[in-house]
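# Survey of secondary and tertiary structure
Now for the letters of each chain:
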Amino acid sequence: MAFLQELAANKNKLRHVRTTCTTADGKQYVEERRQDGTTVVETVATNTLGFCPDNSPDKVVGVATTGLLVGSQDVAHDFDLLKHHDITHVLNVGCGIPNAFEDKFKYLTVNLLDTPKENFSSHYEKCKEFIDEGRSLGVVLVHCNAGCSRSVTIALAYVIEKEKISLEEALRRLKETRPSAKPNDGFMKQLKQWEQSTMS
């Protein structure tokens, strides 16, 4: 208690400062405490974001296994990049992402939510059939919005089942080419169960 009493005794010696705060919805204000103990709040801006946006395109293509690549929607919308990787089939597991080149590639769209409660396995069979077909004819790109969670989850499930390797090994291999690969916690839990069921 002595420390708190010391602080209270010395509070008048503290330097007065103005603090700029930014809320999550982008409102900015300045807060200042006056000598008499009252607080003054002044709004300074309302058009800024409450976070630092990353507007740079993500064109990193990850390799899950031979003939199965993983990427973001930026990859899926870059025709030259798709052709460079000899992609013939595109599996879109994002939400609200249009298929950019339907006259040039074969598409399958499966709307998965990137939430821990989403059950990827209920969509897996049709994804697997599409990937099998695509790998037999060319190269498959599986993508979602950011190319980190949903697309990675489908690719990992496929590799675990097909190659009978551990989740840890499948993820390690994919991260070598796509370091941002990171299924959400719910998908990771499901993938661990998937690993156990396919290995037994």
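In what follows, the structure referred to is the one given above.
A short tour of the structure in this document, coming up. Predicted model only: the values in this text are computed from it and were never measured.

The rules behind each value
- Residues numbered from 1 in each chain as written.
- Predicted model: local features only at pLDDT ≥ 70, side-chain atom pairs only at ≥ 80, totals over all residues.
- Heavy atoms only, no water.
- Helix = DSSP H or I, 4+ residues; strand = E, 2+ residues; numbered from the N terminus.
- Expected span 1.5 Å × (residues − 1).
- Buried < 20%, exposed > 50% of the residue type's maximum accessible area, 1.4 Å probe, protein only.
- Contact = heavy atoms within 4.5 Å.
- Polar contact = N/O pair within 3.5 Å; in protein donor to acceptor, adjacent residues only side chain to side chain.
- Axes fitted to C-alpha atoms, helices over the stretch in contact; angles between N-to-C directions.
- Parallel < 35°, antiparallel > 145°, perpendicular 65-115°, else oblique.
- Nonpolar A, V, L, I, M, F, W, Y, C, P; charged D, E, K, R; others polar.
- Pairing = 2+ DSSP bridges.

### Brief notes about helix α7 (residues 185-199)
Over its 15 residues, α7 extends 21 Å from the first C-alpha to the last, a length consistent with the 21 Å expected when each residue adds 1.5 Å. All of the buried residues in α7 are Gly186, Phe187, Met188, Gln190, Leu191, Trp194, Glu195 and Thr198. Tucked inside the fold, the buried residues of α7 contact α4 (121-137), α5 (150-163) and α6 (167-177). Taking the backbone nitrogen of Gly186 as reference, a side-chain oxygen 2.9 Å away marks Asn184 as the first, capping residue of α7.

### Things to note about the packing of α4 against α5
Close contact between α4 and α5 brings their axes to 11 Å; oriented N to C, the two are set at 75°. As the angle between them shows, α4 and α5 are arranged roughly perpendicular. Contacts between α4 and α5 involve Tyr124, Cys127, Lys128, Ile131, Asp132 and Arg135 from the first element and Ile154, Ala157, Tyr158, Glu161 and Lys162 from the second. When the residues that make up the contact of α4 with α5 are grouped by side-chain class, the tally is 6 nonpolar, no polar and 5 charged.

### What to know about the sheet that holds strand β6 (residues 87-92)
In a beta sheet, neighbouring strands pair by backbone hydrogen bonds and run either parallel or antiparallel. Spatially, β4-β5-β8-β6-β7 is the arrangement adopted by the 5 strands of the open sheet, whose pairing is mixed. Every other strand in the sheet has two partners, leaving β4 (62-65) and β7 (106-109) as the edge strands with one partner each. For this sheet, the mean angle separating the axes of adjacent strands, direction not counted, is 25°. Pairing analysis gives 3 bridges linking β4 to strand β5 (residues 68-71), with the strands arranged antiparallel. From the neighbouring strand, Thr65 faces β5, where its bridge partner is Leu68. Across the face of the sheet, α4 comes into contact with β4, β5, β6, β7 and β8 (139-143) while running at roughly 170° to β6. Strands in contact with α5 are β4, β5, β6 and β8; relative to β5, the strand with the most contacts, it is inclined by about 160°.

### Observations concerning unusual backbone geometry
Although it is not a glycine, Asp86 adopts a positive phi angle of roughly 60°. You can see Asp86 is positioned in the loop between α3 (79-84) and β6. Judged by relative accessible area, Asp86 falls into the exposed class, the value being 54%. Here Lys164, not a glycine, exhibits a phi torsion of approximately 55°, which is positive. Along the polypeptide, Lys164 turns up in the loop between α5 and α6. Looking at Lys164, the relative accessible area reads 48%, which means it is partly exposed.

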